[in-house]
Amino acid sequence: MAAASNQLSEDQFLCSICLDVFTDPVSIPCGHNFCKNCINEHWNTSDRYLCPMCKKVFNTRPELHVNTLFSEMAVQVRQSAQQKTSSSSSEQQVSKPGEVPCDVCTGTKLKALKSCLVCLASYCETHLEPHLTKSGLKRHQLIDPVENLEERMCTKHDKPLELFCKTDQTCVCMLCLVLDHKTHEFVPLKEEYERKKAELGKTETEIQQMIQKRRLKIQEIKHSVDLSEEDADREIAEGVQVFTALKESVERGQANLIDTIKEKQKTTEKQAEDFIKELEQEISELTKRRTEVEQLSRCEDQLHLLQSVQSLKAAPPTKDWTEVSVRPSYEGTVMKAVAQLEETLSKEMKKLVTAELKRVQQYAVDVTLDPDTVHPDLILSDDGKQVCLGKVKKNLPDNPERFSDCVCVLGKQSFSSGRFYFEVQVKGKTDWDLGVARESINRKGGIALSPEDGYWTIWLRHGNEYKALDVPRVLLSLKSRPQKVGVFVDYEEGLVSFYDVDAAALIYSFTGCCFTEKLFPYFSPYVNNGGKNSAPLIISPVGVN
């Protein structure tokens, strides 16, 4: 085996991770070798199981086995390297600045190889020999050479610090045990050392897990950025497509407007030409008659004049041009073109809102009503999906979550991140409130529905008055009465939107909201209004519209 190792260079037995001679070398499936601890630590701190040499990725963590033959050869190489190091160090074992000198050497101080925690002294290779051979000294605890061993002595009793006082959390000597800390709890330094070391190991593991979680979070954020980029590209493409269509529609409307006006102008010019031609014809005829009249007026033959006058009277009358006009009317032409454009824009807007509603419906959540928050006048269905005003006030416990004066109820489910959507049937009602509310809202006495007080809601009053309860309140003009209302929330974006589900129309959006608490769905069927508003609010299952 020694002969074999001599034929191999030390470089062939260096771990590519620690760059030292292999310790417990193991082979992984791709054929490369590493120290067992090195490859384990590498995989513990990595997101994937890959070979540091060839970068081959393994789906599962490979099982490691020590390569016995390779290990023996590595031991031979390590021993040979140590002999070389020992031989070279023996020539240069004089203590240098910054190195721990031997406490026993006289004259020239040699470099210490070990320090003894029992003797509180450091020894060179020669003076360390008794600690390695004599049975009494073999039990002493040796460590790598350190300076200031006196710091390991009790400053009060000048004895070695051998115990740990758990009461005072400090290292003490044997005299401290019987004099200053006699009622305290003690353990040997080694025991406390092992415990602390185990704690540090646990802490290291926890930190490593925290690092791993944060690395995963980085990957998650990067993935979110990639998805966001894809979303942005899609939105840009859709936006360009829509605005291109709108631009073409505007240009087409403008061209049609110009063509209409020009066509009217051409018609006017043609009419004017016809009128002028007819007028010129009449002028020609009138000129001819004027000549005849002029000639006849000069005639001195009485009989001829009287006979000719009768024929002049029989001439056809000319047209009455008093009311004739060729000025065209362009009033309403532009208005009509704009109305057509508005109709086109309305159709495109309808398409956009329909697509948007389909997207938000993908974030549908299952919402049920919370009986711990419901006002005593309200009745909930057994499945927690319907609420209406009852005829008799129930005797319910006045817990902190319950509304005391306002006839409303919250959903059981709360949301503090992400996006969520739910739909509520409002068919047959003349009054209702819908929206979301933060957890810390006031539930006792009168409440004010506004974002400042933690409510983002819309309502219906008197059957036709819709308002968004923003600051200030916004009167809404809706083309149709919603039968089913969709509520969408994007927590991080600070957005709350309401949709008329059947008409696929946006009712209102609260934007720029700052959410810092849990949000709960909010419902109020309002008062019965003499039976006109007795229909319940119903949380409906969401189907893509």
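Heads up: these notes are all about the structure in this document. (Residues numbered from 1 in each chain as written. Predicted model: local features only at pLDDT ≥ 70, side-chain atom pairs only at ≥ 80, totals over all residues. Heavy atoms only, no water.)

A short note on the pairing of strand 15 (residues 432-438)
Right, so step 1: With respect to burial, strand 15 is a largely interior element, six of its seven residues being buried.
Right, so step 2: Across six bridges, the pairing between strand 15 and strand 16 (residues 455-461) is antiparallel. Looking across to strand 16, one finds that V436 is bridged to W456.
Right, so step 3: Pairing of strand 15 with strand 22 (residues 519-524) involves six bridges; the strand directions are antiparallel. (Buried < 20%, exposed > 50% of the residue type's maximum accessible area, 1.4 Å probe, protein only. Helix = DSSP H or I, 4+ residues; strand = E, 2+ residues; numbered from the N terminus. Pairing = 2+ DSSP bridges.)

Here's the deal with the packing of helix 7 (residues 189-297) against helix 9 (residues 333-360)
Right, so step 1: In contact at an axis separation of 9 Å, helix 7 and helix 9 are set at 165 degrees when each is read in the N-to-C sense. Classified by the angle between their axes, helix 7 and helix 9 sit roughly antiparallel to one another. Of the two possible hands of crossing, helix 7 and helix 9 adopt the one that is right-handed. When helix 7 is examined against helix 9, the residues E235, E238, V242, L246, S249, V250, L257, T260, I261 and K264 are found in contact with a partner set consisting of T333, V334, A337, L341, T344, L345, E348, L352 and R359.
Right, so step 2: Classifying every residue of the contact of helix 7 with helix 9 by side-chain character gives ten nonpolar, four polar and five charged. (Axes fitted to C-alpha atoms, helices over the stretch in contact; angles between N-to-C directions. Parallel < 35°, antiparallel > 145°, perpendicular 65-115°, else oblique. Left-handed = near helix turned anticlockwise from the far one by under 90°. Contact = heavy atoms within 4.5 Å. Nonpolar A, V, L, I, M, F, W, Y, C, P; charged D, E, K, R; others polar.)

Details of the side chain of S540
Right, so step 1: Relative to the helices and strands, S540 resides in strand 23 (residues 537-540).
Right, so step 2: Overall, S540 belongs to the buried group, its relative accessible area being 11%.
Right, so step 3: When residues no more than four places from it in sequence are discounted, the contact partners of S540 are E423, V424, Q425 and K484.

Some details on the pattern of salt bridges
Right, so step 1: The full count for this structure, using the stated rule, is 18 salt bridges.
Right, so step 2: One salt bridge in this structure joins D231 and R234, with 3.1 Å as the shortest N-O distance. Of the two residues, D231 and R234 are both situated in helix 7; the distance of three residues between them amounts to about one turn of the helix.
Right, so step 3: For D231, a relative accessible area of 35% corresponds to the partly exposed category.
Right, so step 4: Residue classification places R234 among the partly exposed positions, given a relative accessible area of 38%. (Salt bridge = Lys/Arg side-chain N within 4 Å of Asp/Glu carboxyl O.)

Looking at the sheet that holds strand 14 (residues 419-425)
Right, so step 1: Ordered in space as 11-12-23-14-19-20-21, the seven strands form an open sheet in which the pairing is antiparallel. Single-partner strands in this sheet number two, and they are strand 11 (378-380) and strand 21 (505-510). Each strand of the sheet is rotated relative to its neighbour by a mean of 20 degrees, with strand direction disregarded.
Right, so step 2: Two strands pair when backbone bridges link them, and strand 14 and strand 23 are joined in this way by three bridges, in the antiparallel orientation. Counted as the bridge partner of Q425 is I538 from strand 23.
Right, so step 3: On the sheet, helix 9 packs against strand 14, strand 19 (484-490), strand 20 (495-500) and strand 21 and is oriented at approximately 115 degrees with respect to strand 20.

What about the environment of P536?
Right, so step 1: Looking at where P536 falls in the secondary structure, it is placed in the loop between strand 22 and strand 23.
Right, so step 2: The spacing of P536 and K385 is 151 residues in sequence and 9.7 Å in space, taken between C-alpha atoms.
Right, so step 3: In contact with P536, other than residues within four places in its own chain, are Q386, V387, C388, Q425 and K429.

A closer look at a negative patch on the surface
Right, so step 1: On the surface, D226, E229, E230 and D233 cluster together into a negatively charged patch.
Right, so step 2: Looking at where D226 falls in the secondary structure, it is placed in helix 7. (Patch = residues over 30% accessible without salt bridge, like charges linked within 9 Å, V, L, I, M, F, W, Y side chains within 5 Å. Areas by Shrake-Rupley, 256 points an atom, 1.4 Å probe, with all protein chains shown as cover. Lys, Arg positive; Asp, Glu negative; His and termini not counted. Charge placed at Lys NZ, Arg CZ, Asp CG, Glu CD.)

Re the state of the cysteines
Right, so step 1: Following the criterion strictly, the structure yields zero disulfides and no others.
Right, so step 2: Free cysteine C102: the closest other cysteine sulfur is in C105, separated by 3.6 Å.
Right, so step 3: Judged by its relative accessible area of 1%, C102 is buried.
Right, so step 4: Sulfur of C388: no disulfide; nearest cysteine sulfur belongs to C408 and is 15 Å away.
Right, so step 5: Taking the relative accessible area as the measure of exposure, C388 reaches 22% and is therefore partly exposed. (Disulfide = S-S within 2.5 Å.)

By themselves, these observations are geometric and do not establish any function.
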